[in-house]
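# Fold and contact review
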Amino acid sequence: MLDSYIADIERRRTELTVYSPEDTGLAEQLATRNATVEHRPLSPAGPPPFVAVRRDGAFVGALDVEELRELLAPPVVRPGEWEGLAEGYRALLGALEETVFVGLDRRQLLATSREIEDRAHRVGSGVLRVCFQSLSAFASQTEVYRYLAEGSDLAIHVYGEPDWTPPAVENITYHRDTEGRLAPFWCVAFDGGPDESQACVLVAREREDGFVGFWSYDPELVSDVLDTLETAAAEL
Amino acid sequence: MDDRNRLFEERADLEVPSQFGDDAFYRALAAQPRRRVLAHLLSREECSVSELADVLCGWETGEGMVPPERHEEVRIGLLHSHLPRLEAAGLVSFDPGERTVTAASLPEPVERLLEYSVAAEAE
């Protein structure tokens, strides 16, 4: 059911055009990301080496090669840290980050989920929908979510196959996915509360070789995923 | 003294393009974006308007990331102001349909002047 969202992100293109007199090594640095890198020569009678970034053909930003290297160097600016960045940089990082990942394991997904949960905690209000595949997978997260939920204005919805009975917690609604329709999916979606710039979503599907999926900060996309899950809740 | 006189003495034999006598030619050069465009075309011969917009924006990356609005402003300036002027002065040929720009073959003094112009910016 959430597969179409993954397919849509898979179709999007990020293109970097590197303008420099010589090879910058950026193609190698970006090899693990779903971005194409094209090099165009720049004569000495030109600006210092720079990169033009495009997303689905539209220009997203241009910056110094060195500045781009800093943005990409570990520790990579993680989505949870984007708030302090100017709007333009978020769009640029989005073009680099909002691509499909493959082969992530549960531990890595948990780390990214944590960032979205932290964001929801900081904002303190809004809707957070989480698919844990099974409610027993939620067991280890119960205290985290209790902390998140109690005393906040968050409306938290937890989905999973009913192989365990979770405790009742203020502000948490459980949705028992008896037929396992959402079982292949790990999903965390937060609407940002009063501030849609805080919206974010992680959607992943479990495959034999790990999880495939994406994360996004596009408020419309986040809203669509939340609507899909809300409808699913009514049908479970 | 001898060097300066040499040009005038050789004037009869020297074929100087007539554009050097036109104000339009000098006006075309009297704008930094246009000089930057011509400097880029020294090594590229032909390229897209999109690439020229990228390169002009590239000159501004020293102050931080150049956003889409600025790129669009630059692109429109190229299409509606700079490229038509450069073409009218015989310095480029511009295909509006294909959105490609081709450098005219420039006399050596003009190439040298463009290189000076860019080098002066770097200081």
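One can find the structure itself at the top, above this paragraph.
Residues numbered from 1 in each chain as written. Chains lettered and ligands numbered in written order. Predicted model: local features only at pLDDT ≥ 70, side-chain atom pairs only at ≥ 80, totals over all residues. Heavy atoms only, no water.

### Quick look at the overall build of chain A
So the rule is basically this: Numbering of helices and strands starts at the N terminus; helices are DSSP runs of H or I of at least 4 residues and strands are runs of E of at least 2. Only protein chains enter the accessibility calculation, which uses a 1.4 Å probe. A residue is then buried if its area is under 20% of the maximum for its type, exposed if over 50%, and partly exposed in between. Note on definitions: a residue-residue contact is assigned when non-hydrogen atoms from the two residues lie within 4.5 Å. Using a 1.4 Å probe, accessible areas were evaluated by the Shrake-Rupley method; residue-level cover was limited to the displayed protein chains.
In terms of regular secondary structure, chain A is built from eight helices and eleven strands. Put simply, chain A has 236 residues, and 52% of those count as buried. Here the analysis covers contacts within chain A between residues at least 6 apart in sequence; of these, 63% occur between residues at least 24 apart. A total of about 10500 Å² of accessible surface is found on chain A, and carbon and sulfur atoms cover 49% of it.

### Regarding helix 4 (residues 49–58) of chain B
Burial analysis of helix 4 of chain B places nine of its ten residues in the buried class, which makes it a mostly covered element. Those residues of helix 4 of chain B lying buried are V49, E51, L52, A53, D54, V55, L56, C57 and G58 of chain B.

### Structural notes on the packing of aromatic side chains
Residues and elements named next belong to chain A. Test applied: Geometry of aromatic contacts follows a simple scheme: Phe, Tyr and Trp rings, the Trp one being its six-membered ring, pair when their centres are within 6.5 Å, and the pair is stacked under 30 degrees between planes, edge-to-face over 60, tilted otherwise.
This structure, assessed with the given rule, holds nine aromatic pairs over all chains. Aromatic side chains F138 and Y145 sit 5.4 Å apart centroid to centroid with 65 degrees between the ring planes, which places their arrangement in the edge-to-face category. Measuring from centroid to centroid gives 6.0 Å for W186 and F211, while their planes differ by 80 degrees, and the two rings are edge-to-face. Separated by 25 residues along the polypeptide, W186 in strand 9 (residues 185–190) and F211 in strand 11 (residues 210–216) bring together distant segments of the chain. The exposure class of F211 is buried, given its relative accessible area of 3%. Here the aromatic cluster, defined as three or more aromatic residues joined through ring pairs, consists of F132, F138, Y145, Y174, W186 and F211.

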